[in-house]
Every structure is written in structure tokens, then in C-alpha cells.
Amino acid sequence: MTALYRWAPWVYLALALLFIFLPVLVLVQFSFQGGMAPVPPFDGPSLKWWTKVLANRKITDGLWNSLLVGLGSAFVATVLGFLAAYAMARRQRRLNGFYQLLLMAPITVSYLIIGMGLQITFNYLGLGKSLWAIGIGHVVINLPLTFAILYSQLGEHQANIERAAYDLGAGDWRVVLEITVPMLWPSLLAAFFIAATLSWDEFVIAFLMSRFDVTLPVVIWSMLRSGLSPELNATGTLVFIISILAVGVVEFLLWRSRKQHA
């Protein structure tokens, strides 16, 4: 009985991981399928479909568009989230709670509703659908997240160091750039990459706000309308690999930051 209690959590963990990653493993396996059908029996391995993916202009353009929109919108959302969080944490005002409610409100709203609202607003302003429009939409949905992450890290110990810098004659911008930002660097990095990852995978707003220049999720959706194929599996695997590499970069940078401050 003791052995059962000791092994039960590990068995449960293994089953949970299998449940989470089995679809991804199947996707990766059948991206190397040699035949036309992405179903068993496995016929491979073959790089035929990977070659087609990398030679497909629509897929590569969607990939670069996704990277451009994801990195650009994540940078803007992180900067705006930091400025809002710093203002809320360091400038106590009577309406701070109301402002926080407004900043966090987009989290409670469906992406479909946000996309429709943005589409109506852009039409009213005479602005067409474009990658810029998608980027603005992704800033709207990611700003609450970056704000929440950074606001939670602006504690009293940082405020004490900032006060000491002010006492030594530093100005506002110097305190922010040379004191606050370096102290918040791991949190800023985490907020940026989380926002970039969410933008990278987002479909609804990207679909509603795009016309000719589309992101990779929209390209994958258009391919899905023709049914599953090994080429689609290879495209999905490519997205998965890029996401894993992004997580690896974040972990490496955070590990190096912790090692430097140890």
C-alpha cells in the first residue's frame, strides 16, 4: 500500500503529460509521412512535405507576418503595460482602482467581440485591414496581461531603492531607466515573450483584421478547409518548434539573469 501511494502521483503525472503531448507527438510524427494521407500506417520518414512547406510562399509569408506582428505588438504592449503599472504603483490616486478595472477589462471580453469592435472602429476612421490593424488588436488583448505581470512585481523594496536614487539627485527618467527597468528585467522579458506567444497563436482578431497580408494561423485555417494533409502537419510542427525555441530562449535568459544576481 505504501508503494502504491508513493508511485500514484508519478503515474498520474505521466498520464497527464501523455494526454497533453500525445496530439503534438502524433502531429510531429505524421509531418514526416511519405504518403498523401496523414493517417496510420506511418509511411516514412520523409522530408517531402517539409520541402513543400518551406517552398510554399503563402506559408513563409504568413510565418514572417506572424513574427513581425507578434514581436512588434508584444514590444508595444510591454512598454505600455510597464508605464501603466509604474504609474499605478508609484502615483497613488483616488481613481487608481477604476483605472485598473479599465486596463483589465479586455481580459473578460471575447476576442470575437474585440475584433468586431476594432473592425467597426477602423472602418469609421477610414483605415483598411492590414498587419498594422492586427498588431493594434493584439496590443489591446495583451496589454492587460503585461500590466498585471509588471504591476505585481513593483513592490516596496524597489520603491525604497528608487527613493534612495532620488535622494542622490537622480531625475525621473534616470531612475526608471537605470534603476527600475534593470530590477524588473526578468519580469519585462517574461511579459514580452508571453505577449509574443499569444499573438503568435491568435486567430480570431488576425482573421477579422486582415485582407491580403495574413498571419500564419489564418494560413493554417485556409489550409484546413481542404482537409488534413502531411503538409499541414509539417506547418503545425514548424509552429510548435518555433514556440519551443522561444520558451527555451526565455528560460536561458532568465537562468543567466539569476546566475548573475546569485
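Rules behind the numbers
Residues numbered from 1 in each chain as written. Predicted model: local features only at pLDDT ≥ 70, side-chain atom pairs only at ≥ 80, totals over all residues. Heavy atoms only, no water. Core = buried A, V, L, I, M, F, W, Y, C linked by side-chain atoms within 4.5 Å. Buried < 20%, exposed > 50% of the residue type's maximum accessible area, 1.4 Å probe, protein only. Helix = DSSP H or I, 4+ residues; strand = E, 2+ residues; numbered from the N terminus. Contact = heavy atoms within 4.5 Å. Expected span 1.5 Å × (residues − 1). Arc of directions from axis to C-beta. pLDDT = per-residue confidence, 0-100. Salt bridge = Lys/Arg side-chain N within 4 Å of Asp/Glu carboxyl O.

**Notes on the nonpolar core**
For soluble globular proteins, the rule of thumb is that nonpolar side chains tend to be buried together. Ile59, Ile134, Met209, Leu216 and Val219 are the most contacted members of the largest nonpolar core, which has 27 residues in total. If you list the elements that add at least two residues to this core, you get helix 2 (48-55), helix 3 (57-90), helix 5 (111-125), helix 6 (131-153), helix 10 (204-208), helix 11 (216-224) and helix 12 (230-261). Sort the elements by how many residues they give to this core and helix 11 lands first, with five residues. Residues in contact with Ile59, not counting those within four places in the same chain, are Val53, Leu216, Val219, Met223, Glu231 and Thr235. The next biggest cluster of nonpolar side chains, apart from the first, holds 19 residues, and it includes Phe82, Tyr86, Leu150 and Leu154.

**Section: helix 8 (residues 172-183)**
The end-to-end C-alpha distance of helix 8, which contains 12 residues, comes to 16 Å, matching closely the 16 Å that a straight helix rising 1.5 Å per residue would cover. Of all the residues in helix 8, the buried ones are Val175, Val176 and Thr180. For helix 8, the buried positions fall inside an angular range of 95° around the axis, keeping them on one side. Exposed and oriented more than 90 degrees from the buried face of helix 8 are Trp173, Arg174 and Leu177. Packing partners of the buried residues in helix 8 comprise helix 3 and helix 7 (156-167).

**Some thoughts on helix 9 (residues 185-201)**
Here helix 9 contains 17 residues, and its C-alpha end-to-end distance of 25 Å stays within 8% of the 24 Å for a straight helix at 1.5 Å per residue. Taken together, the buried positions of helix 9 are Ser187, Leu188, Leu189, Ala191, Phe192, Phe193, Ala195, Ala196, Ser199 and Trp200.

**Structural notes on the side chain of Thr180**
As for its position among the elements, Thr180 is in helix 8. Non-local contacts of Thr180, meaning those with residues more than four positions away in its chain, are made with Phe82, Tyr86, Leu154, Glu162 and Val175.

**Considering the environment of Leu27**
Its place among the elements puts Leu27 in helix 1 (residues 2-30). On the accessibility criterion, Leu27 (26% relative accessible area) is partly exposed. As for Leu27 and Trp200, which are separated by 173 residues in sequence, their C-alpha atoms are 19 Å apart. Setting aside residues no more than four positions away along its own chain, Leu27 makes contact with Asn233, Gly236 and Thr237.

**A look at the confidence of the model for the protein**
In the predicted model, the protein carries a mean pLDDT of 82, and the fraction of residues at 70 or more is 94%. At the level of individual helices and strands, the protein shows its lowest average pLDDT in helix 7, which scores 76, and its highest in helix 6, which scores 91.

**Some thoughts on the pattern of salt bridges**
The full count for this structure, using the stated rule, is two salt bridges. The salt bridge involving Asp61 is made with Arg57; its shortest N-O contact spans 3.1 Å. Residue Asp61 and its partner Arg57 are located together in helix 3, separated by four residues, close to a single helical turn. The partly exposed category is assigned to Asp61, whose relative accessible area is 32%. A relative accessible area of 61% means that Arg57 is categorised as exposed. Here Glu178 ties to Arg174 by a salt bridge, and the two come within 3.2 Å at their closest N and O atoms. With a gap of four residues between them, Glu178 and Arg174 both fall in helix 8, about one helical turn apart. Relative accessible area serves as the criterion here: at 49%, Glu178 is assigned to the partly exposed category.

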